[in-house]
Amino acid sequence: AAGGDIEKAIDDMRAAGSIKAAKKAGNIAAEGSIEVGNLSATNVSILSNSGSISNAADSTLNVDASQLRLESAGSIAEASRHLSIDVDALTAVSHAGSIFLSAESGLTVGGVWVCGDELTSDAGTDSSSDASQSGLTTLTEGDIVMVALIEDVVVDETASADGEGRIRLEAQ
């Protein structure tokens, strides 16, 4: 057992051969806020149950993945510092805030379901999955701003900003 030491846990996973599975799907969940640095995996899910999701200082590309599922009790990034992503498929829900994303390339707003291995405190892995989610949604008058820097944005599912919330989807 790693005794709570994340470096030892990763070394143990590499030795056991399970680190390959952990790299395919990244499920990150926290009760508080989550700062996203530079994360790369095939499928990524980031869930903040009582905080927000933000772009960490000194990070470049926050998430590089095929599928990205974001869900936050608060905002997802800030107007002055978008979450930077390079993904094929995206879904995001903010329960009490806004969503600010900058995509490095074109993407599809659609349904995403992430299933993968979760690192446990004793360096083991448990299979985990998040509920299926689709579209871009703010639930309490938050805004949605998504800018694709290259290529198109395809919206296959609903983009919905509750109440007075505004939506801006832009492909440059």
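To be clear, the structure that these remarks concern was listed above.
The present account deals with the structure reproduced in this document.

## Focus: the overall build of the chain
Tallying secondary structure elements over the chain gives two helices and 18 strands in all. Put simply, the chain has 172 residues, and 46% of those count as buried. Of all intrachain contacts in the chain linking residues separated by at least 6 positions in sequence, the fraction that spans at least 24 positions is 39%. Put simply, the chain shows about 8,300 Å² of open surface, and 46% of that area lies on carbon and sulfur atoms.

## A look at the nonpolar core
The biggest cluster of nonpolar side chains holds 31 residues, and the ones touching the most others in it are Val63, Leu70, Leu83, Ile85, Leu90, Leu101 and Leu107. Residue assignment for this core shows that the elements contributing at least two residues are strand 2 (34-36), strand 4 (43-48), strand 6 (63-72), strand 7 (83-94), strand 8 (99-103), strand 9 (107-109) and strand 15 (144-148). In this structure, Ile85 is in contact with Leu61, Val63, Leu68, Leu90, Leu101, Ser102, Ala103, Glu104 and Leu107, ignoring residues within four places of it in sequence.

## With respect to the environment of Met146
Relative to the helices and strands, Met146 resides in strand 15. Residue Met146 is classed as buried on the basis of its relative accessible area, which comes to 0%. With 24 residues separating them along the chain, Met146 and Glu170 place their C-alpha atoms 6.3 Å apart. Beyond its immediate sequence surroundings of up to four residues, Met146 is in contact with Leu90, Leu101, Leu107, Val109, Leu136, Val153, Arg168, Leu169 and Glu170.

## Points about the side chain of Ser84
Take Ser84: it is sitting in strand 7. Assessed through its relative accessible area of 8%, Ser84 is described here as buried. Of note is the side chain of Ser84, whose polar atom sits 3.2 Å from the side chain of Glu104. Once residues lying within four places of it in the same chain are set aside, the contact partners of Ser84 are Asn55, Thr60, Leu61, Asn62, Val63, Ser102 and Glu104.

## Considering the pairing of strand 8
With five of its five residues buried, strand 8 lies for the most part within the structure. In strand 8, alternate side chains face the same way, and those of Ile99, Leu101 and Ala103 on one face and Phe100 and Ser102 on the other are all buried. Bridge count for strand 7 against strand 8 is three bridges, and the pairing is parallel. Bridging across to strand 8, Ser84 finds its partner in Ser102. Here strand 8 runs beside strand 15; their pairing, made up of five bridges, is parallel.

## Quick notes on a nonpolar patch on the surface
Together, Val155, Ile167 and Leu169 line one region of the surface with nonpolar side chains, adding up to about 220 Å² of accessible area. Examined against the element boundaries, Ile167 turns out to sit in strand 18 (residues 167-171).

## Thoughts on the environment of Ser102
One can find Ser102 in strand 8. Relative accessible area serves as the criterion here: at 16%, Ser102 is assigned to the buried category. Each C-alpha atom of the pair Ser102 and Ile85 lies 6.2 Å from the other, and the pair is 17 residues apart in sequence. Filtering out sequence-adjacent residues up to four positions away, Ser102 remains in contact with His82, Leu83, Ser84, Ile85 and Val147. In this structure the side chain of Ser102 is engaged in a polar contact, spanning 3.0 Å, whose partner is the side chain of His82.

## Digging into the side chain of Ser59
Along the chain, Ser59 falls in the loop between strand 5 (53-55) and strand 6. Residue Ser59 is classed as buried on the basis of its relative accessible area, which comes to 13%. Apart from residues lying up to four places away in sequence, Ser59 is in contact with Val36, Gly37, Asn38 and Arg81.

How each quantity is defined
- Residues numbered from 1 in each chain as written.
- Predicted model: local features only at pLDDT ≥ 70, side-chain atom pairs only at ≥ 80, totals over all residues.
- Heavy atoms only, no water.
- Helix = DSSP H or I, 4+ residues; strand = E, 2+ residues; numbered from the N terminus.
- Buried < 20%, exposed > 50% of the residue type's maximum accessible area, 1.4 Å probe, protein only.
- Contact = heavy atoms within 4.5 Å.
- Areas by Shrake-Rupley, 256 points an atom, 1.4 Å probe, with all protein chains shown as cover.
- Core = buried A, V, L, I, M, F, W, Y, C linked by side-chain atoms within 4.5 Å.
- Polar contact = N/O pair within 3.5 Å; in protein donor to acceptor, adjacent residues only side chain to side chain.
- Pairing = 2+ DSSP bridges.
- Patch = residues over 30% accessible without salt bridge, like charges linked within 9 Å, V, L, I, M, F, W, Y side chains within 5 Å.
- Salt bridge = Lys/Arg side-chain N within 4 Å of Asp/Glu carboxyl O.

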